[in-house]
Structure formats: structure tokens, C-alpha cells
Amino acid sequence: MWRFRMEKNMSMDMKQYIDEAEAALLHTYNRYQVVLDKGEGVYLYDIEGKKYLDFCSGIAVFALGYGNQEYNDALKGQIDKLLHTSNYYYNVPAIEAAKKIKKASGMDRVFFTNSGAEAVEGAIKAARKYAYQKDGCTDHEIIAMNHSFHGRTMGALSVTGNPKYREAFQPMIGHIKFADLNDFDSVLACVTDKTCAIIMETVQGEGGLVPATEDFLKKVRALCDEKDILLILDEIQCGMGRTGYMYAWQKFGVKPDIMTTAKALGCGVPVGAFLMTEKVGQNSLVAGDHGTTYGGNPFAAAAVEKVLDLFEKDHIIEHVREVAPYLEARLRELAEKYGCITELRGTGLMQGLVFDGPVSAIISKALEKGLILINAGANIIRFVPPLIIEKEHVDEMIAILEDCIRS
Ligand SMILES: *Cc1c(COP(=O)(O)O)cnc(C)c1O
């Protein structure tokens, strides 16, 4: 059966698959012209057997690399046991996953979702409910950041600081103001006695690999404490070890009141979560306020549980701290050598090379040469590899990239 399927795949032209995809799928992505088939470690293979070094990891998702046997076995075991219940009942994987993510994050209460955007939706609802509970009003405001990205659903889009993404879908949820990341005065200028929350990514991903500074985070935290405003940190991309900390805010000890996580949380299984402190947990969402059919079902929870186990067992964070400075150093060499590169940004295994023009040609060329890269905006190449990459993979990537830049 497997052989038959393989042969069928091989005989079917890549071009034909792509045509079929374009005839059937809604065209919301300009996809690269490749049909991927399988993965192994930090490499992907297309249906013609061509091998690619993966520095995208499904956009910061596949932290543990492809084909981790222990992870795969845990999922297979859970499939045979129980895939889904309902959140009206308890299940052991969700309990274990919740305990482990509490420990990893230092937060107190967890709500599992199916995606990042849904985690942001939940965070916004929790913040509004917290404020509503205090004064019974329904006109509370949220401050978000310019150039932020929080997802494509209406609530998440409303706090996403990219007018191009929002334009056609107006009106948004309303009462949102935008400030600039790392400009505390711009935040202050947005604060009123109606402000209920400030939301930001601890490190902006899509918006261009910009980390929030320690000074900015600390000032915002103090402001929130003073005015009982909730600080929501979106760790969907920068969380799960990518910066060399389980969650990026842990580097500065600036703890949020509400936090979102997703992407690498399930390492391929669609799952996210929003977490909160006990104070918010006790004074916001209660039974009947929020729900989800699938969120945190036994299958997704088994993935979260195993991912968090493997992070600990395989010392993923320690590994990131070892390999990330090497990636940064090699990228810095490139930035110094080539005039078309104007800046290196980011932190840990979340780096961006800013070019003086569009990077799409370089990314396409790299794909041809067997290297998968992704952009962040038109002019930035984003490096978000699996967290298990080794220095030799960095060297392999740099060699191909340099080739592409030269041509
Ligand atoms: C990807 C991302 C989201 C949205 O997550 P989805 O799972 O695509 O809905 C939200 N916030 C940040 C910071 C992200 O990088």
C-alpha cells in the first residue's frame, strides 16, 4: 500500500499537484512552487525526493524537528486510546499538560485553544471581563502596538498593528488604540481611565523581529500595576524556548497578567493556550463565558505534554543558548560583508536580516538550492529554524544564502 502510494506520488507531476491546489484551495497565500512530502530532523523532502534544509520550521512551529520518535509514539498512543472528549469532562492529558505549562510559564490558570489567534481572542475577552467586573461598564479600551501581529480572526485582527490587514474588514471590535513598541511616551499618550489592557508581542515576529526592550517592558509593567491595567504578552512566536528562555519575558522577569502561546506548543499539532495569573483567573471568565469544542482535547494535550517533557529531557533551552550566538555571529558576518544588508535584528533563534530591497528573489533562489527560508515583510529574511539545529546546519545555511545573495 505504502509503495503504491509512493509510486503514485512520484509519478504525479509536481506541477499537476500545484495546478490542482490552485483550482481547489482558496487563494489566500502566494505559495512557493513546491509540494512537501516528509520530514526528518531539520530536513524536509518534496514529492520528487529533493532535500531541503529547513530554516522556517513551519513558521516557528516544529521546534523539535521532524520525525522525533518519542513525540510521534506519544501521539500514536493517544490516537489508539482517546482522541476527543468534550470540555464538559476531564481527561488526563489535559490535566498533565496544564500542570506542565503552568510550571514552565509560572502562570496560574490555563485555557487551551486550537490556534494562536484563538488564544488572543480569549486573552482579549478575559481582559474585558476583568474590567467589566470592576465597574460594570462596556466601553473599555485596549492599547496595542504598531507593526504587531496577533492573528487573523476579528478580535486578534483588531489589535494587529498593520492597517493593510484590517482595511477591508472594518469595523474592528473597537476601542483599540495603537502605540509604538519601545516608545513608552506613545503608550502613555494612549492611556485613559478606560484602558483595560496593553497587548504586545515580547518580540515582534511578522512585524520585523523587534524585541521589546527591558526598559520599555519594565515601565509598561509599572504603569499597569499603578492603574490596574492588564499586561497581555503574546508569546505565540517568541515563546517556547526560541529566545533562550521558555518565554521571552522571563529574560527580564517582567511577568504578564495574561499570556498567549501556540506555534511550537504542539510542535505540529494545532494547539494554543492563554494563561493568566490567579488574580485575573479569579476575576474574569467564569462558567458560560468562554468555551471551545476541540480546545485542549486529549490528542492536542498529549502533544503539549510530550513537547514540554522533551524540552526538559533534551535540554532544548540550553541548546538554544549554545547555538543561537553562533547563528547570530554568522549572520552578522554576512551583514558586514554585503552592502545590501542594512541590519541584523532579533534574539536567540529568532533573527532577521534586513535588506535594502525585496527579499523574495533571494528566498526563491534559496529554495532552488535546497534551503527553506521565510520573509517577515517585503525586505526582511526571517530565521526561525527548528530549535534542535546544530552549528553545522548554520554553516550549511550560510553557505547557500551567501551564494544566493551574490547572484
Ligand atoms: C502566528 C502568530 C499568531 C497567530 O497564530 P495562528 O495560530 O496563526 O492563529 C498570533 N500572534 C503571533 C505573535 C504570531 O506569531
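Engineer: Help me out: how do you make sense of the packing of helix α4 (residues 69–81) against helix α12 (residues 298–313) in this one?
Structural biologist: Each pair of packed helices can be summarised by the angle the axes make with each other and by the distance between the axes. Two elements in contact, α4 and α12, have axes whose closest approach is 9 Å; the angle formed by their N-to-C orientations is 155 degrees. By the angle between their directions, the pair α4 and α12 is classed as roughly antiparallel. As α4 packs across α12, the resulting crossing turns out to be right-handed. In contact with Glu70, Tyr71, Ala74, Leu75, Gln78 and Ile79 of α4, α12 contributes Pro298, Phe299, Ala302, Ala303, Lys306, Val307, Leu310 and Lys313. Grouping the amino acids of the contact of α4 with α12 by side-chain chemistry returns 10 nonpolar, one polar and three charged.

Engineer: Teacher, can you tell me more about the environment of Gly208 here?
Structural biologist: When you line up the elements, Gly208 lands in the loop between β8 (203–204) and β9 (210–211). In this structure Gly208 comes out as buried when scored by relative accessible area, which is 0%. A C-alpha to C-alpha distance of 16 Å links Gly208 and Asp183, two positions 25 residues apart in sequence. Beyond its immediate chain neighbours, meaning those up to four positions away, Gly208 contacts Arg345 and Ile380.

Engineer: Where do I start with the packing of helix α5 (residues 92–105) against α12 in this structure?
Structural biologist: The contact between α5 and α12 brings their axes to 8 Å, and the two run at 40 degrees. By the criterion of interaxial angle, the relationship of α5 to α12 is oblique. By crossing handedness, the relation of α5 to α12 is classed as left-handed. Of the residues in α12, those in contact with Pro93, Ala94, Glu96, Ala97, Lys100, Ile101, Lys103 and Ala104 of α5 are Pro298, Ala301, Ala302, Val304, Glu305, Leu308, Asp309 and Glu312. Its residues placed into classes, the contact of α5 with α12 shows 10 nonpolar, no polar and six charged.

Engineer: Explain the side chain of Lys306 to me, please; I cannot follow it from the model alone.
Structural biologist: You can see Lys306 is positioned in helix α12. Excluding residues within four positions of it along the chain, Lys306 makes contact with Glu70, Tyr71 and Ala74.

Engineer: Looking at this structure, I do not really get the packing of aromatic side chains. What am I missing?
Structural biologist: When we look at a pair of aromatic rings, we describe it by the centre distance and by the angle of the planes. As enumerated under the stated definition, the model contains three aromatic pairs in all. Lys51 extends its terminal NZ or CZ atom over the ring of Tyr43, reaching a point 4.2 Å from the ring centre. In this structure, Arg321 packs its charged tip against the face of Tyr245, placed 4.5 Å from the ring centre.

Engineer: Would you explain the confidence of the model for the protein in this entry?
Structural biologist: Close inspection of predicted coordinates is inappropriate for parts of the model with low pLDDT. The pLDDT averaged across the protein works out to 96; a share of 97% of its residues lies at or above 70. Confidence drops under pLDDT 50 across residues 1–10; counting only partners more than four residues distant or on other chains, this segment forms five contacts.

Engineer: Explanation requested: the site of the ligand in the structure shown.
Structural biologist: Near the ligand you find Ser115, Gly116, Ala117, Phe149, His150, Gly151, Glu201, Asp234, Ile236, Gln237 and Lys263, and these make up its full shell. The backbone of Ala117 places a nitrogen or oxygen atom 2.7 Å from an oxygen atom of the ligand. Gln237 is positioned with one of its side-chain polar atoms (N or O) 2.8 Å from an oxygen atom of the ligand.

Engineer: Please clarify how the pairing of strand β13 (residues 341–347) should be interpreted in this entry.
Structural biologist: Along any regular strand the residues' side chains alternate between the sheet's two faces. Across six bridges, the pairing between β13 and strand β14 (residues 350–355) is antiparallel. Note that in β14 the partner of Thr347 across the bridge is Met350. What sits between β13 and β14 in their antiparallel hairpin is a turn of two residues, with Gly348 showing a positive phi close to 60 degrees.

Engineer: How should I be thinking about unusual backbone geometry in this particular structure?
Structural biologist: Leave glycine aside and you will find that most residues have negative phi; peptide bonds, for their part, are mostly trans. Of note, the amide linkage connecting Gln170 to Pro171 takes the cis form, showing an omega dihedral of 0 degrees. Of note, the phi angle at Leu209 is positive, near 60 degrees, even though the residue is not glycine. Residue position: Leu209 is located in the loop between β8 and β9. The residue Met240 is not glycine, and still its phi comes out positive at about 60 degrees. Structurally, Met240 is set in the loop between β10 (230–234) and β11 (258–261). Assessed through its relative accessible area of 1%, Met240 is described here as buried.

How each quantity is defined
- Residues numbered from 1 in each chain as written.
- Predicted model: local features only at pLDDT ≥ 70, side-chain atom pairs only at ≥ 80, totals over all residues.
- Heavy atoms only, no water.
- Axes fitted to C-alpha atoms, helices over the stretch in contact; angles between N-to-C directions.
- Helix = DSSP H or I, 4+ residues; strand = E, 2+ residues; numbered from the N terminus.
- Parallel < 35°, antiparallel > 145°, perpendicular 65-115°, else oblique.
- Left-handed = near helix turned anticlockwise from the far one by under 90°.
- Contact = heavy atoms within 4.5 Å.
- Nonpolar A, V, L, I, M, F, W, Y, C, P; charged D, E, K, R; others polar.
- Buried < 20%, exposed > 50% of the residue type's maximum accessible area, 1.4 Å probe, protein only.
- Phe/Tyr/Trp six-rings, centres within 6.5 Å; stacked < 30°, edge-to-face > 60°.
- Lys NZ or Arg CZ within 6 Å of the ring centre and 35° of its normal.
- pLDDT = per-residue confidence, 0-100.
- Near = heavy atom within 4 Å.
- Polar contact = N/O pair within 3.5 Å; in protein donor to acceptor, adjacent residues only side chain to side chain.
- Pairing = 2+ DSSP bridges.

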